[in-house]
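A look at the structure
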Amino acid sequence: MSVRLFSLLFAVTLAPVAGAAEDPLQPWLQARVREHTAWFAAPPPSSPVSEGTAGGSALWRERPAGSAGVANFVPPTSLAPLIRAVEAGVVNITTVGPGALPGAVKRSTGSGFVLTADGLVVTNNHVVANAQGPVVNPSGSGVTPDKGGPREVPLQQISVRLADGREFPAEVVGRDASTDVALLRLSGAGLGTLPAVYLGDSDVLEVGDWVVAIGNPFGLDHSVAHGMISAKERVLGVGQFDDFIQTDALINPGNSGGPLFNMRGEVIGVNTAIISEGQGIGFAVPINLVKDLLPNLRENGKLERGWLGVVINEDGVAATTTAPVVKDVYRGSPAAAANIRPGDRLVAVNGRPIGSYLQLLRKVALLAPGTEAKLTLLREGGTQEVSVRLVARPAQEATEGLSNRGGSTANDLGLVLRDLTPEVAAPLGYEAFLGALVSGVVPRSPAEQSGLRAGDVVTEVNRRRVKDSAGVKAALERGSAGASILLRVQRGDALQYIAIAR
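How each quantity is defined
- Residues numbered from 1 in each chain as written.
- Predicted model: local features only at pLDDT ≥ 70, side-chain atom pairs only at ≥ 80, totals over all residues.
- Heavy atoms only, no water.
- Helix = DSSP H or I, 4+ residues; strand = E, 2+ residues; numbered from the N terminus.
- Buried < 20%, exposed > 50% of the residue type's maximum accessible area, 1.4 Å probe, protein only.
- Contact = heavy atoms within 4.5 Å.
- Areas by Shrake-Rupley, 256 points an atom, 1.4 Å probe, with all protein chains shown as cover.
- Patch = residues over 30% accessible without salt bridge, like charges linked within 9 Å, V, L, I, M, F, W, Y side chains within 5 Å.
- Salt bridge = Lys/Arg side-chain N within 4 Å of Asp/Glu carboxyl O.
- Pairing = 2+ DSSP bridges.
- Phe/Tyr/Trp six-rings, centres within 6.5 Å; stacked < 30°, edge-to-face > 60°.
- Polar contact = N/O pair within 3.5 Å; in protein donor to acceptor, adjacent residues only side chain to side chain.
- Expected span 1.5 Å × (residues − 1).
- Bend = angle between axes of the 7 residues up to and from the residue.

If you check an unreviewed UniProt entry, the protein chain appears there as PDZ domain-containing protein from Corallococcus terminator.

Right under this line is the structure:
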């Protein structure tokens, strides 16, 4: 109605003008008509969208023609340039190992990616675990005729093939079942210029980010699938290191160990698991977790867990959704040496934020003993940074001994003692109540530095005969403060004296 009325008014206004060509008002009226027409055609300046109407009520919003759409979003047109740039670093892995029946051979395939130009390759532990068995003869006999007589056949247990067709033998440098990560080293000619991939930052991923998975599903070399990040920090019940990236990029048997790339061509995950009952539900180990683990695997061949020495307050919501709060600190631990106190809130490890107790556990446990880590603390409203040199995680009984804050002399020395009862003595081949069994030694304690170790039996303290842990503690309390302690220790069939400096 308003449009028709507007047009009618203009027609009435222009009617007398048409008959007066020389009228001085005509140019002015024509300019006003153009201005009002332009204003009427434009959307209201206060709203970036047009409103749909029905019966006078707004039902939806539509962007005007030519609108830029969502800010900072560029729809992908083709992933071909990215795939061409990264696919050379993706490898096919074939393993040979013993089968279920005697003399049988089991072959399996998986994927991986080149970590360094000189031949380090990352894959899943379960891809290469089968190859860690004895070499067998594919004929089933275990030997093969030769001019010199029967001999074992040295089968190629792990073979890695690149996209360009080159193939290299490989051996396991280190592997860990709890994270399902393995590190391989290639051998042979032509190493030094391999197409190593770039690693990204999995902490900055967001749900909805585009990703590309490349691997060898069902033996189909270098198959490409794309999708997005469906969820982060998925817990599948596999273990304490559950922290999976979920993606709808298709992952099938044979993709295991292959890379998950972001749109910068960086590896942000290692494809690891699928849910067999569903489609488009795959899981990858975050690459930042892999980064923390790789030095450990390279140096130790397995996951040697670092230990900080704190007890975290796990009561209430704060233990799972915010930075963990220190409830207690073990005596003689790295945390105690760094002056970490109860009440401190741990907010970052090596600059990476911590949002829960499990995140702290993962980040610390993946670092090898001897690693120096930087912790960021919140204390009394201020932020502090401390350096901590991690040690090997002590045995459970040693940890329990450290947590006893009664201040007994045995614990001050770093000894965890147990009575040598008949039930304990018989399996060890000792006489009952021969002395006190050392069931644990605290790392970096005076006891460890003196050479004591778990399994020793303390039979004398400062020349006094003892028959149980209470006798050891009583003898230690009678000693002079600051004086050295002389222990007589039975280790297997040998008896020896060990001096401990307080």
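So much for the structure itself; the text now carries on.
**Some points on the overall build of the protein chain**
A tally of helices and strands in the protein chain yields 13 helices and 29 strands. In the protein chain, which comprises 502 residues, the proportion classed as buried is 41%. Long-range pairs, those at least 24 residues apart, make up 56% of the contacts in the protein chain between residues at least 6 apart in sequence. Surface accessibility of the protein chain: about 26500 Å² in total, with carbon and sulfur atoms responsible for 54%.

**So, a nonpolar patch on the surface**
On the surface, Val70, Phe73, Trp210, Met228 and Met263 cluster together into a nonpolar patch covering about 440 Å² of accessible area. Within the element layout of this structure, Phe73 appears in the loop between strand S2 (57-62) and helix H3 (80-86).

**Re the pairing of strand S26 (residues 457-461)**
Of all five residues that make up S26, five are buried, and the element is covered over most of its length. When S26 meets strand S28 (residues 485-491), the two strands line up antiparallel, connected through four bridges. Its bridge partner being in S28, Val461 is matched across the sheet by Leu487. Across two bridges, S26 lies against strand S27 (residues 464-465) in antiparallel orientation. Bridging from a neighbouring strand, Glu460 pairs with Arg465 of S27. Counting the residues in the hairpin turn of S26 and S27 gives two residues, including Asn462, whose phi is positive at 50°.

**Structural notes on the environment of Pro324**
Take Pro324: it is sitting in the loop between helix H6 (318-321) and strand S18 (326-329). Separated by eleven residues in sequence, Pro324 and Asn313 have C-alpha atoms that sit 7.0 Å apart. Filtering out sequence-adjacent residues up to four positions away, Pro324 remains in contact with Ile312, Asp344, Arg345, Leu346, Ile354, Ser356, Tyr357 and Leu360.

**Some details on helix H8 (residues 357-365)**
Counting buried positions along H8 yields seven of nine residues, so the element is predominantly enclosed. Where H8 is concerned, the buried positions are Gln359, Leu360, Leu361, Arg362, Lys363, Val364 and Ala365. Of the surrounding elements, those touching the buried residues of H8 are strand S11 (223-234), strand S16 (306-307), strand S17 (310-312), strand S19 (345-349) and strand S20 (352-353).

**Digging into the packing of aromatic side chains**
Enumeration according to the criterion identifies two aromatic pairs in this entry. Between Phe244 and Phe283 the ring centres are 6.4 Å apart and the planes differ by 70°, which places this aromatic pair in the edge-to-face class. With Phe244 in strand S12 (residues 244-247) and Phe283 in strand S15 (residues 282-286), this pair connects stretches of sequence that are 39 residues apart. Exposure remark for Phe244: the relative accessible area of 9% places this residue in the buried category. The class of Phe283 is buried, set by a relative accessible area of 3%. Ring centres of Trp307 and Tyr330 lie 5.5 Å apart, and the angle between their planes is 35°; this geometry places the pair in the tilted category.

**Digging into the side chain of Asn296**
Take Asn296: it is sitting in helix H5 (residues 287-300). The contact partners of Asn296, leaving out residues within four places of it in the chain, are Gly301, Lys302, Leu303, Glu304, Leu366, Leu367 and Ala368.

**Overview of the sheet that holds strand S22 (residues 382-389)**
The four strands are arranged S20-S19-S21-S22 in an open sheet whose pairing can be described as antiparallel. The outermost strands of the open sheet, each flanked by one partner alone, are S20 and S22. Two strands pair when backbone bridges link them, and strand S21 (residues 372-379) and S22 are joined in this way by eight bridges, in the antiparallel orientation. Residue pairing for S22: Lys374 is matched across the bridge by Ser387.

**A word on the side chain of Asn262**
By secondary structure assignment, the location of Asn262 is in the loop between strand S13 (259-261) and strand S14 (266-274). A relative accessible area of 11% places Asn262 in the buried class. Of the polar contacts made by the side chain of Asn262, one reaches the backbone nitrogen of Glu266; its length is 2.9 Å. When sequence neighbours within four positions are dropped, the list of residues in contact with Asn262 reads Leu82, Trp210 and Ile268.

**Focus: H5**
Spanning 14 residues, H5 covers 20 Å between terminal C-alpha atoms, matching the ideal 20 Å at 1.5 Å per step. Bending of H5 peaks at approximately 35° at the position of Leu293, with proline Pro295 no more than four residues after it. Positive phi appears at Gly301, one or two residues downstream of H5, with a value of about 80°.

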